[in-house]
Amino acid sequence: MTQLLGVALRGTGSSLPARIVPNEEFTDVLNLDTSDEWIRSRTGIRERRFAGLGETSATLGTAAARLAVESAGLTPEDIDLIICATVTPDLMSPSTATLIQAGLGCRHIPAFDLSAACSGFLYALSVGAQFIRTGAAKHALVIGAEVLSRILDFTDRNSCILFGDGAGAVVLSGTPVLNAGVRTIRLYSDGSRQELIQVPSRVTPNPPPGPPQLQRLDHMRLSGREVFRFAVTRMVELIEQAETDLRELGLNGIDALIPHQVNQRIIDSALETTGFPRHKVMVNLDKYGNTSAASVPIALDEALRTGRCKPGDTVLLVAFGGGLTWSSAIITL
Ligand SMILES: CC(C)(COP(=O)(O)OP(=O)(O)OC[C@H]1O[C@@H](n2cnc3c(N)ncnc32)[C@H](O)[C@@H]1OP(=O)(O)O)[C@@H](O)C(=O)NCCC(=O)NCCS
């Protein structure tokens with residue numbers, strides 16, 4: 001019988017494009033009917049990063065992965081598996097993960113993409129953790145990488161102000177210590193509400209009528225107000241559920257909450273309802289906006305690099321987004 005292993009979080013890394021896009025760019029350059037004041041007060045976002053020429057999910061993902069491998073004290077040849085969560089892959093095929101495998105110079109290991117929108121990183125973490133737990137892989141790279149600026153509708157003030165580009169990565173490694181590292185992961189979906197966030201493409205059934213060159217394909221469509229309500233409700237549920245999970249695991253409490261970086265008001269509403277202490281919440285959405293699958297691993301990496309979190313801490317990761325999907329993980333760092 002397979003001896004199950006613990007799943008340690010051995011390294012983290014992140015990569016952000018150099019180009020900073022302040023809120024003023026939407027008014028001064030794009031002539032949108034919005035303002036820095038509106039964006040800051042309704043979302044908490046001050047600026048975000050947009051990819052430059054030649055920068056893609058694969059290039060950002062490769063840079064983040066390289067840093068994660070280095071921080072784990074490993075080399076790319078040590079990696080046995082790559083999973084990349086993204087909704088903005090470089091190509092429809094092959095996967096971004098294979099481009100990252102080549103970019104890093106890894107062995108001919110399994111590499112594949114996974115799509116669960118803003119929950120993508122936690123979905124990928126769950127798959128990676130199961131390869132590690134069963135011993136099918138010794139060291140796995142789990143990456144969230146996005147260039148959302150390439151699928152935004154810059155005429156839609158409701159959505160284009162919210163998002164940014166970037167990548168975050170972690171290395172998971174097997175450990176004989178069962179009660180370490182990744183403790184629980186919870187994943188959910190509700191496809192009946194798929195229309196709330198969509199990115200239609202050329203393979204979408206029933207594309208809008210009209211000549212293909214005039215169709216607004218590959219652009220995000222978002223029902224912000226409905227997603228806001230969904231996000232608060234699910235974030236509250238995930239925090240309450242984690243408190244039950246912690247008691248069952250015999251853990252004292254959560255040292256840090258790292259939520260999907262979506263909107264300060266969503267986070268604030270969930271904290272108010274649950275009474276979760278504000279000082280334990282890692283937020284960097286003011287600098288990067290919502291980077292979908294990349295948001296949680298970027299924030300996790302920043303929390304570790306800046307000393308907000310330290311080895312031994314128990315962190316709760318929560319994410320929610322298109323699908324609809326929602327997810328959480330409890331990890332002892
Ligand atoms: C999009 C979001 C910021 C809008 O904030 P909100 O407080 O819900 O605002 P509403 O949608 O109720 O709109 C209020 C008004 O602001 C306007 N508005 C929307 N975007 C605006 C902008 N960038 N600048 C100025 N006004 C704006 C709306 O048109 C509306 O005007 P109206 O009352 O005349 O119709 C918020 O709903 C949100 O963050 N939603 C979740 C984001 C999301 O879906 N993320 C992706 C998945 S995780």
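Residues numbered from 1 in each chain as written. Predicted model: local features only at pLDDT ≥ 70, side-chain atom pairs only at ≥ 80, totals over all residues. Heavy atoms only, no water.

**Student:** Would you explain the pairing of strand 5 (residues 111-114) in this entry?
**Tutor:** Along a regular strand, successive side chains alternate from one face of the sheet to the other. Relative to strand 5, strand 4 (residues 81-85) runs parallel, the two being bridged by 4 bridges. Directly across from Ile 82, in strand 5, lies its bridge partner Ala 111. On the question of chirality, the crossover connecting strand 4 to the parallel strand 5 by way of helix 4 (residues 96-104) is right-handed. (Pairing = 2+ DSSP bridges. Helix = DSSP H or I, 4+ residues; strand = E, 2+ residues; numbered from the N terminus. Right-handed = clockwise from strand over helix to strand, strands pointing away.)

**Student:** Quick question: what am I supposed to make of the state of the cysteines here?
**Tutor:** By definition, a disulfide links two cysteine residues through a covalent bond between their sulfur atoms. If you walk through the whole model with that rule in mind, you get 0 disulfides. The thiol of Cys 106 is unpaired, and the distance to the nearest cysteine sulfur, on Cys 84, comes to 13 Å. Residue classification places Cys 106 among the buried positions, given a relative accessible area of 8%. Cys 84 supplies the cysteine sulfur nearest to Cys 118, a cysteine that is in no disulfide, at a spacing of 14 Å. In this structure Cys 118 comes out as buried when scored by relative accessible area, which is 10%. (Disulfide = S-S within 2.5 Å. Buried < 20%, exposed > 50% of the residue type's maximum accessible area, 1.4 Å probe, protein only.)

**Student:** Whenever I open this one, the nonpolar core confuses me. Can you help?
**Tutor:** Most often, soluble globular proteins have nonpolar side chains that are buried together. With 43 residues, the main nonpolar core has Phe 26, Met 235, Leu 257, Leu 316 and Phe 320 as its most contacted residues. Elements that contribute at least two residues to this core include exactly helix 6 (224-249), helix 7 (264-274), strand 12 (314-321) and strand 13 (325-332). Of the residues forming this core, the biggest block, 10 residues, is contributed by helix 6. Each of domain 1 (6-178) and domain 2 (182-202 + 212-332) gives at least three residues to this core. (Core = buried A, V, L, I, M, F, W, Y, C linked by side-chain atoms within 4.5 Å. Domains from an automatic or database assignment.)

**Student:** Help me understand the environment of Arg 225, please; the structure alone is not making it clear to me.
**Tutor:** Secondary-structure assignment places Arg 225 in helix 6. Along the sequence, Arg 225 and Asn 158 sit 67 residues apart, while their C-alpha atoms lie 9.6 Å from each other.

**Student:** So what exactly am I meant to see when it comes to the pattern of salt bridges here?
**Tutor:** Opposite charge on two side chains permits pairing when their charged atoms draw close. Enumeration over the complete set of coordinates arrives at 11 salt bridges. Between Asp 245 and Arg 186 there is a salt bridge, with its nearest N and O atoms 2.8 Å apart. With a gap of 59 residues between them, Asp 245 in helix 6 and Arg 186 in strand 8 (residues 181-189) connect regions that are remote in the sequence. The partly exposed category is assigned to Arg 186, whose relative accessible area is 28%. Put simply, Glu 237 and Arg 234 hold a salt bridge, and the shortest N to O gap is 2.8 Å. On the criterion of helical spacing, the pair formed by Glu 237 and Arg 234 is a turn pair, its members being 3 residues apart in helix 6. Taking relative accessible area as the criterion, Glu 237 reaches 35% and is therefore assigned partly exposed. (Salt bridge = Lys/Arg side-chain N within 4 Å of Asp/Glu carboxyl O.)

**Student:** Please explain the UniProt feature "domain: Beta-ketoacyl-[acyl-carrier-protein] synthase III C-terminal" (unreviewed entry) in the chain as it appears in this structure.
**Tutor:** Following the UniProt record, one finds the feature "domain: Beta-ketoacyl-[acyl-carrier-protein] synthase III C-terminal" (unreviewed entry) at residues 249-332. Taken end to end, residues 249-332 comprises 32% helix and 24% strand; its first and last C-alpha atoms sit 11 Å apart. (UniProt positions renumbered as here; feature names shortened; annotations may be inferred.)

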